[in-house]
Amino acid sequence: MTPTGPLRDPAHRVSPKAVRLWLLEALIAFVIMVGGSALVAAWVGGSDWPWVPGWFADRPWVLPATVAALLTPFLVAEPFVRYSVHRWELSGDVVYARTGFLTREWVFVPVSRIQTVDKAQGWLERMLGLATLEIRTASHAGSSTIQGLDFQVAAGLADRLAHRAEELRDDAT
């Protein structure tokens, strides 16, 4: 809440393709977690180690099944919740972004404090035509990022921010 009421949403959503990116990332994490638990279950199952409970040694499939059952709701829900929350806006001399899945984060970055603006693309982002914009300032909080932007939007925003930050620095001298 602000003194005048609730904090409004930033104006722009990230790209709808970000849902596919976050779904792929969640799927990769899911496969790693379930695969890892299956490896542990295969290693421990059927063993005669005294520290392994008998019910687990007889039914090692319980571990990967439990991990899969617990992670499936997150796999399905997380990309859509993130898409509904992730927004950004360049308003006057402030970059305003909101992110989050389990927790929400609102970030306001004064353009006058921006030191560098970088675009980054991981291989999944490159495959989907997306980019992440990283805004670095001199503050103790470090940098702020806006994920899930179309590459062209990220490139244009980075260019506008860099030019505007340079203008504001020139005005101050």
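Residues numbered from 1 in each chain as written. Predicted model: local features only at pLDDT ≥ 70, side-chain atom pairs only at ≥ 80, totals over all residues. Heavy atoms only, no water.

**Student:** Residue-level account of the sheet that holds strand β5 (residues 114-120), with values.
**Tutor:** Taking strand neighbours across the sheet as the criterion, the three strands line up as β5-β6-β7 in an open arrangement whose pairing is antiparallel. Only two strands of the sheet have a single partner each, and these edge strands are β5 and β7 (143-150). Averaged over all adjacent pairs, the angle separating strand axes in this sheet is 20°, with direction ignored. Here β5 runs beside strand β6 (residues 130-137); their pairing, made up of six bridges, is antiparallel. (Pairing = 2+ DSSP bridges. Helix = DSSP H or I, 4+ residues; strand = E, 2+ residues; numbered from the N terminus. Axes fitted to C-alpha atoms, helices over the stretch in contact; angles between N-to-C directions.)

**Student:** Lay out the side chain of R98 in plain terms, naming residues and giving numbers.
**Tutor:** Inspection of the secondary structure assignment puts R98 in strand β3 (residues 94-100). There is a polar contact of 3.0 Å between the side chain of R98 and the backbone oxygen of V85. Other than its neighbours up to four places away in sequence, R98 contacts D9, P10, S84, V85, H86, R87, E105 and W106. (Polar contact = N/O pair within 3.5 Å; in protein donor to acceptor, adjacent residues only side chain to side chain. Contact = heavy atoms within 4.5 Å.)

**Student:** If you had to explain the nonpolar core to someone new, which residues and values would you point to?
**Tutor:** In terms of nonpolar packing, the biggest core is built from 28 residues, with I114, L133, I135, I146, L149 and L161 touching the most fellow members. Secondary structure elements with two or more residues in this core: α1 (17-44), β3, β4 (104-110), β5, α4 (123-128), β6, β7 and α5 (151-172). Ranked by residue count, the leading element in this core is α5, at six residues. Sequence-distant contacts of L149, that is, excluding residues within four places in its chain, are made with V14, S15, W88, G129, L130, A131, L133, A154 and L157. Counting six residues, the second largest nonpolar core, distinct from the first, contains A26, F30, V34 and V67. (Core = buried A, V, L, I, M, F, W, Y, C linked by side-chain atoms within 4.5 Å. Buried < 20%, exposed > 50% of the residue type's maximum accessible area, 1.4 Å probe, protein only.)

**Student:** So what's going on with the side chain of R82? Which residues, and what values?
**Tutor:** Its location among the elements puts R82 in helix α3 (residues 62-85). The exposure class of R82 is buried, given its relative accessible area of 14%. Side-chain polar atoms of R82 contact the side chain of Q147, separated by 2.8 Å. When near neighbours in sequence (up to four residues on either side) are disregarded, R82 contacts W22, E25, G100, F101 and Q147.

**Student:** Run through the pattern of salt bridges, naming residues and quoting values.
**Tutor:** The tally for this structure, following the rule as stated, stands at eight salt bridges. Here R82 makes a salt bridge to E78, at a shortest N to O gap of 3.0 Å. Placement of the pair is R82 and E78 together in helix α3, with a separation of four residues, close to one helical turn. There is no split in this pair, since R82 and E78 are both buried. Connected via shared salt-bridge partners are D93, R164 and E167. (Salt bridge = Lys/Arg side-chain N within 4 Å of Asp/Glu carboxyl O.)

**Student:** Describe the pairing of β3, naming the residues involved and giving the relevant values.
**Tutor:** With five of seven residues buried, β3 is to be regarded as a mostly interior element. Bridge count between strand β2 (residues 87-91) and β3: five bridges; the pairing is antiparallel. By the bridge assignment for β3, R87 is matched with R98. Hairpin geometry of β2 and β3 is characterised by an intervening segment of two residues between the two adjacent antiparallel strands and by a positive phi of about 60° at G92. As judged from the seven bridges shared by β3 and β4, these two strands associate in the antiparallel manner.

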